[in-house]
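Observations on chain architecture
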Amino acid sequence: MLQETRLHRIRTLLARFNQVSTERIIRELAVSRETARRDIIELEALGLARRVHGGLVAIETPAEPPLTKRRRTQTREKRAIAHAAAQLLQPGQTLFLDAGTTTTLLAEELHALSGLTIVTNSLQAALALSAGEEDQPLNNQIILLGGTMSAGAQQTRGEITVSEIIRYRADVALLSPVGIEAAWGASSFHPHEAAIARAMVQQSASCYLLADHAKLGVVSRTVYAPPQAITLLITDSNGHNSDALEALQQALPEVVVV
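Below is a summary of the structure that appears in this document. Since the structure is predicted, the reported quantities are computational estimates derived from the model, not experimental observations. (Residues numbered from 1 in each chain as written. Predicted model: local features only at pLDDT ≥ 70, side-chain atom pairs only at ≥ 80, totals over all residues. Heavy atoms only, no water.)

Some points on the overall build of the protein chain
Helix and strand content of the protein chain: 10 helices and 13 strands. Relative to a compact globule of 258 residues, whose C-alpha radius of gyration would be 18 Å, the protein chain shows 19 Å and is just as compact. Each principal axis of the C-alpha distribution contributes one length, and for the protein chain these read about 65 × 40 × 30 Å. For the protein chain, the proportion of its 258 residues judged to be buried stands at 48%. Pairs at least 24 apart in sequence give 65% of the contacts found in the protein chain among residues at least 6 apart. Within the structure as shown, the protein chain displays about 12,500 Å² of accessible surface, and the carbon and sulfur contribution to it stands at 49%. Seen as two clouds, the 24 positive and the 26 negative side-chain charges of the protein chain have centres 9 Å apart. (Helix = DSSP H or I, 4+ residues; strand = E, 2+ residues; numbered from the N terminus. Rg over C-alpha atoms; globule rule 2.2 N^0.38 Å. Buried < 20%, exposed > 50% of the residue type's maximum accessible area, 1.4 Å probe, protein only. Contact = heavy atoms within 4.5 Å. Areas by Shrake-Rupley, 256 points an atom, 1.4 Å probe, with all protein chains shown as cover. Lys, Arg positive; Asp, Glu negative; His and termini not counted. Charge placed at Lys NZ, Arg CZ, Asp CG, Glu CD.)

The structure is reproduced here in structure tokens:
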């Protein structure tokens, strides 16, 4: 078993139980004590857990800021990223858009294009895509996924949403992660958001990540797309000299900096 896979499984155990003993890691992963010890040291070095006597304890991941606050941060960079993503798309394609501030800005860009089928769980994206007079024909086919809602989230989610996603096969999933890191890939804070993004990745031929510089090198609580599942990352030039960006350029097939 690759170390990346082992670390992911240990993090899954930490997410469930908050604390995992060395003995449990050995038993669950069927590895030697020395391998378990190396993995524990690696997780602590990555800042993803803290070593204690006999095992590991989880480090609480900061929660994602509220949507209203995220809309006011890195707006210029997000618009540039959204514009660059729109230029890569072609009429006739089917797209997945998840719910995020950058993908909502992308929806505004896509409103001016035509011939696309866009499947999303974001109410804000759906409204941006369908903006216009009531009798005005839409340039694109817009499909809003069903599901449950929570206060202020402005998105559908849950088992119904995931089950609807798997009815479609998309050319491209365009996703806005909480974090993107070279070893771990794309991640979200909320498991329900990660479940939707993961299903969109699985049902798409390509996965484009839209992430401003503040998200580079960040590993949030729930990983949904490992590096090998990511086709392209679009980010902004404010992180151009960062170690995280350089690592991502080495790990991913293509990185576009705007």
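Remarks on the packing of aromatic side chains
Applying the stated criterion to the full structure yields zero aromatic pairs. Taking NZ or CZ as reference, Arg-11 lies 5.1 Å from the ring centre of Trp-184, over its face. (Phe/Tyr/Trp six-rings, centres within 6.5 Å; stacked < 30°, edge-to-face > 60°. Lys NZ or Arg CZ within 6 Å of the ring centre and 35° of its normal.)

Points about the pattern of salt bridges
Evaluated as defined, the whole model comprises eight salt bridges. Across the pair Arg-79 and Glu-108 runs a salt bridge, and its minimum N-O distance is 3.3 Å. Residue Arg-79 is located in helix 5 (residues 75-87), and its partner Glu-108 is located in helix 6 (residues 101-110); the two are separated by 29 residues in the primary sequence. By relative accessible area, which is 41% here, Glu-108 ends up partly exposed. (Salt bridge = Lys/Arg side-chain N within 4 Å of Asp/Glu carboxyl O.)

Side note on the side chain of Thr-156
Within the secondary structure, Thr-156 is located in the loop between strand 6 (141-144) and helix 8 (159-165). A polar atom in the side chain of Thr-156 sits 2.9 Å from the backbone oxygen of Leu-145. (Polar contact = N/O pair within 3.5 Å; in protein donor to acceptor, adjacent residues only side chain to side chain.)

Topic: the pairing of strand 5 (residues 117-120)
Where burial is concerned, the two faces of strand 5 agree: the one with Thr-117 and Val-119 and the one with Ile-118 and Thr-120 are both buried. Where strand 4 (residues 94-97) meets strand 5, four bridges bridge the pair, whose relative direction is parallel. When the sheet's bridge partners are listed, Phe-96 is paired in strand 5 with Val-119. Relative to strand 6, strand 5 is paired through four bridges, and the arrangement is parallel. Across the sheet, the residue bridging to Ile-118 is Ile-142, located in strand 6. For the segment spanning strand 5, helix 7 (residues 123-129) and strand 6, crossover handedness is right-handed. (Pairing = 2+ DSSP bridges. Right-handed = clockwise from strand over helix to strand, strands pointing away.)

Section: the sheet that holds strand 8 (residues 179-181)
Spatially, three strands are ordered 8-9-11 in an open sheet, and the strand pairing comes out antiparallel. Because the sheet does not close on itself, it has two edges, and the strands there are strand 8 and strand 11 (222-225). Looking at each pair of strands side by side, their axes are set apart by 35° on average, direction ignored. Taken together, the three bridges between strand 8 and strand 9 (residues 185-188) define a ladder with antiparallel strand orientation. From the neighbouring strand, Ile-180 faces strand 9, where its bridge partner is Ala-186. Against the sheet, helix 9 (residues 191-202) engages strand 9 and strand 11, with an angle of about 15° to strand 11. (Axes fitted to C-alpha atoms, helices over the stretch in contact; angles between N-to-C directions.)

Some points on helix 1 (residues 3-17)
Taking 1.5 Å as the rise per residue, helix 1 with 15 residues should run 21 Å; its terminal C-alpha atoms sit 21 Å apart, in good agreement. Among all positions of helix 1, only Arg-6, Leu-7, Ile-10, Arg-11, Leu-13 and Leu-14 are buried. Buried residues of helix 1, viewed axially, fall in a sector of 155°; they line one side. Of the exposed residues in helix 1, those oriented more than 90 degrees away from the buried face are Ala-15 and Arg-16. Close packing links the buried residues of helix 1 with strand 1 (19-21), helix 2 (22-29), helix 3 (33-45), strand 2 (49-52), strand 3 (55-58) and strand 11. Positive phi appears at Asn-18, one or two residues downstream of helix 1, with a value of about 70°. (Expected span 1.5 Å × (residues − 1). Arc of directions from axis to C-beta.)

Let's talk about the packing of helix 5 against helix 6
Each pair of packed helices gets described by two things: the angle between the helix axes and the distance between those axes. Interhelical geometry of helix 5 versus helix 6 gives an angle of 50° and a closest axis separation of 8 Å. When the interaxial angle is binned, helix 5 and helix 6 end up oblique. Two packed elements cross with a definite hand, and for helix 5 against helix 6 that hand is right-handed. Taken together, the residues of helix 6 that come into contact with helix 5 (itself represented by Thr-75, Lys-78, Arg-79, Ile-81, Ala-82, His-83, Ala-85 and Ala-86) are Thr-101, Thr-102, Leu-105, Leu-106, Glu-108, Glu-109 and Leu-110. Each residue belonging to the contact of helix 5 with helix 6 can be placed in one class, and the counts come to seven nonpolar, four polar and four charged. (Parallel < 35°, antiparallel > 145°, perpendicular 65-115°, else oblique. Left-handed = near helix turned anticlockwise from the far one by under 90°. Nonpolar A, V, L, I, M, F, W, Y, C, P; charged D, E, K, R; others polar.)

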